[in-house]
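Here is how the chains run, residue by residue.
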Amino acid sequence: MVASALCLNFPRVPANRGVGSIVLAFAVSACGSPSQTTSEGSSDSSGIETATAGPTTDTSSATTDDSSESETGPPILEDLCPGIDVSLVLDPDVDYDAQFRKALKSHFDALAVTAGGPVRVLTNTGTEGNFYQQHLACLEPLGNEPGDYTITWGDNFTLNDGAGDALDCILDQVPAAKSPMDPGDAMYAGLMFPILLEDNWPNPNSVVQAMLFARFGNEGEGLQGMYNRPGMVTEAYVRLAANGDRRRAAAMTYGHEATGMQLWSSSFGAQGQHFEYTQTSLRSVPKEWTQTALSACENYKLTPDYEEPIGCERVDILFVIDGSKSMTQEQAALQGLEGNPPVIREFTDALVAELGIVDDYHVGVVSTEPGVTHMHTHRDYPEVPESPETDCALPSGKRWIVGPSDTLEQDFACIAATKSGTQETPLDNAALALTDPENAGFLRDDSLVIVVIVTDEDSNDFQKTRLTLRNQLVDAVGGDLQRLYVLGIAGGQGIYEAPTSICNGPYGEAVPARRLADVSFSLLGRSEVQNICDGSIAVAFEKLLGSIESICIPVG
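### What about the confidence of the model for the chain?
Here's step 1: Residue-level pLDDT values for the chain average 81, and 79% of them are 70 or greater.
Here's step 2: Note that pLDDT drops below 50 for residues 1–77; the model gives that stretch 120 contacts with residues more than four away or on any other chain.

### Considering the pairing of strand β13 (residues 484–490)
Here's step 1: Counting buried residues along β13, 7 of its 7 residues qualify, which places the element largely inside the surrounding structure.
Here's step 2: In β13, alternate side chains face the same way, and those of L484, V486, G488 and A490 on one face and Y485, L487 and I489 on the other are all buried.
Here's step 3: Summarising the sheet, strand β12 (residues 448–454) and β13 pair through 6 bridges and their orientation is parallel. When the bridges of β13 are listed, I453 appears paired with G488.
Here's step 4: This β-α-β element, β12 to helix α15 (residues 466–476) to β13, shows right-handed connectivity.
Here's step 5: Two strands pair when backbone bridges link them, and β13 and strand β18 (residues 527–531) are joined in this way by 5 bridges, in the parallel orientation. Bridge assignment links L487 to a residue of β18, and that residue is E528.

### Section: the state of the cysteines
Here's step 1: Per the counting criterion, the structure on display carries 4 disulfides.
Here's step 2: In this model, C81 is linked to C297 through a disulfide, with the two sulfur atoms separated by 1.8 Å. An S-S torsion of about -90° defines the bridge between C81 and C297 as left-handed. Separated by 216 residues along the polypeptide, C81 in the loop between α2 (66–72) and β1 (84–90) and C297 in helix α10 (residues 285–301) bring together distant segments of the chain.

### Examining the pattern of salt bridges
Here's step 1: As enumerated under the stated definition, the model contains 16 salt bridges in all.
Here's step 2: When the shortest N-O distance is used, the salt bridge between R101 and D172 registers 2.9 Å. Taken together, the residues R101 in helix α3 (residues 98–115) and D172 in helix α5 (residues 163–173) connect sequence positions 71 residues apart.
Here's step 3: With its nearest N and O atoms 3.6 Å apart, the salt bridge here joins R314 to D360. Of this pair, R314 sits in strand β9 (residues 314–321) while D360 is found in strand β10 (residues 360–367), placing the two residues 46 residues apart along the sequence.

### Remarks on the sheet that holds β13
Here's step 1: What the 6 strands build is an open sheet, ordered β11-β10-β9-β12-β13-β18; its pairing is mixed. Looking at the sheet topology across the chains shown, the edges are occupied by β11 (401–403) and β18. Sheet twist, expressed as the mean angle between neighbouring strand axes with direction ignored, is 15°.
Here's step 2: Contacts from helix α13 (residues 408–415) reach β9, β10 and β11 within the one sheet, and its direction differs from that of β10 by about 20°.

### A closer look at the packing of helix α8 (residues 230–241) against helix α9 (residues 259–266)
Here's step 1: As a packed pair, α8 and α9 sit with axes 9 Å apart at the nearest point and diverge in direction by 35°. Relative to α9, the crossing made by α8 is right-handed. Where α8 abuts α9, its residues P230, V233 and T234 lie against G260, L263 and W264.
Here's step 2: Here the residues of the contact of α8 with α9 are counted per class, giving 4 nonpolar, 2 polar and no charged.

Reading the values: the criteria
Residues numbered from 1 in each chain as written. Predicted model: local features only at pLDDT ≥ 70, side-chain atom pairs only at ≥ 80, totals over all residues. Heavy atoms only, no water. pLDDT = per-residue confidence, 0-100. Contact = heavy atoms within 4.5 Å. Buried < 20%, exposed > 50% of the residue type's maximum accessible area, 1.4 Å probe, protein only. Helix = DSSP H or I, 4+ residues; strand = E, 2+ residues; numbered from the N terminus. Pairing = 2+ DSSP bridges. Right-handed = clockwise from strand over helix to strand, strands pointing away. Disulfide = S-S within 2.5 Å. Salt bridge = Lys/Arg side-chain N within 4 Å of Asp/Glu carboxyl O. Axes fitted to C-alpha atoms, helices over the stretch in contact; angles between N-to-C directions. Left-handed = near helix turned anticlockwise from the far one by under 90°. Nonpolar A, V, L, I, M, F, W, Y, C, P; charged D, E, K, R; others polar.

Written out as structure tokens, the structure reads:
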């Protein structure tokens, strides 16, 4: 380890983050002056400042006068977080040139001199192979123990002077990892394989960060597309790498036309970033990512602010119900037919009884028929045209039920009897129904918005990307995720370690709702998918009620 490498030129930025005083204090103790620069901090020919670190703040608390310093010595630095474990996943098709390497090393330098705890980097390629296990020769100069495939970049605010050489050695080998059978599109596999295979990766106490550099998107199939999906990877990465704590996970992606990767990075909220390579040069990405990476480390240490749950005096519930012929049994359960309990009545009664705060609620229904997004007022719509015989007798001028209502059960049974074709687009229909002018008045400005999707198919709205569908839903509620909760009752896809295909349940077969799950995981805990094969729809509604209880508070 060498302390001299820490004499970096840390740029001054707005004084609104806590990490800056730690960085500056260390720069003072190591270099003598926060404004001192070296060749490490100069710009290269491309104009990119490759030395990057956290922001600086008011330094008065980080300095002492001469008399006190002579007695106490340099400032005592506090670890920002217990450590950072970085999964660096590289597409073999990308050219990792000298300028990128310099910028990447400066990024890791900034993490190491700021975190305090150990910063480790594990490098793998975007393939379904175990490239990371093949570069032991590059790690030998670092003195790694057998089975340790990581580069320890620094620890205790001190850099490891052999780390940069080890990274260069590994990067030199990346192009050879390309395989004609696996052409560098399995970026998620490159991320998850080491986590699944190595007991010591990542450290269970560290902040985990993923950096995925791809030439194109991550739309490769990967074992028949069973697990190579943004939603499944999000769930697995947070669960396996961060022990289920989103605050401990951050992720960046880089690629072209990479909507799947962009959806994945958005699943980490403010601690996720995507860089489109047509808009951002590869060599500039590490510097632009540094501040987010440092903030993620800081956020983990801070006690999260208490977010007061929203009031739920008004609840607007939109059902998107698959009306295809395979959904006959599910429809009967929703409508309370054929001996099934009246699910909607039991749910709304429990909502009012348990919360005691719902003054009124709206209940509307649309089918999964593409393009039909005005709420249904007639039975068996849209396959059966509206007629007096199919009229559900909703209040005049309303395309939804207004509750509390003495006729809720029979009204819902009528409008929930949708009939539609086999091209299901539930995600698209959900967002468009909330903004359809025909449904004006359904959505109130001060309501909790619950979207319930019931289908035995996936969301087959392939004309739009999953990222677009996600953004449509959030935009429909004014961009406020705290107002939205989405429950998908559909075929389960399993977990990353054990993906599933078609399942059989109380209502027959259902295919994995992978696109629905992808969007669900990107809503930052404001959504869930219940496996329709696991039990009755009534059980899924009970779980939904528990989620609503956790986000609503009594009013008055």
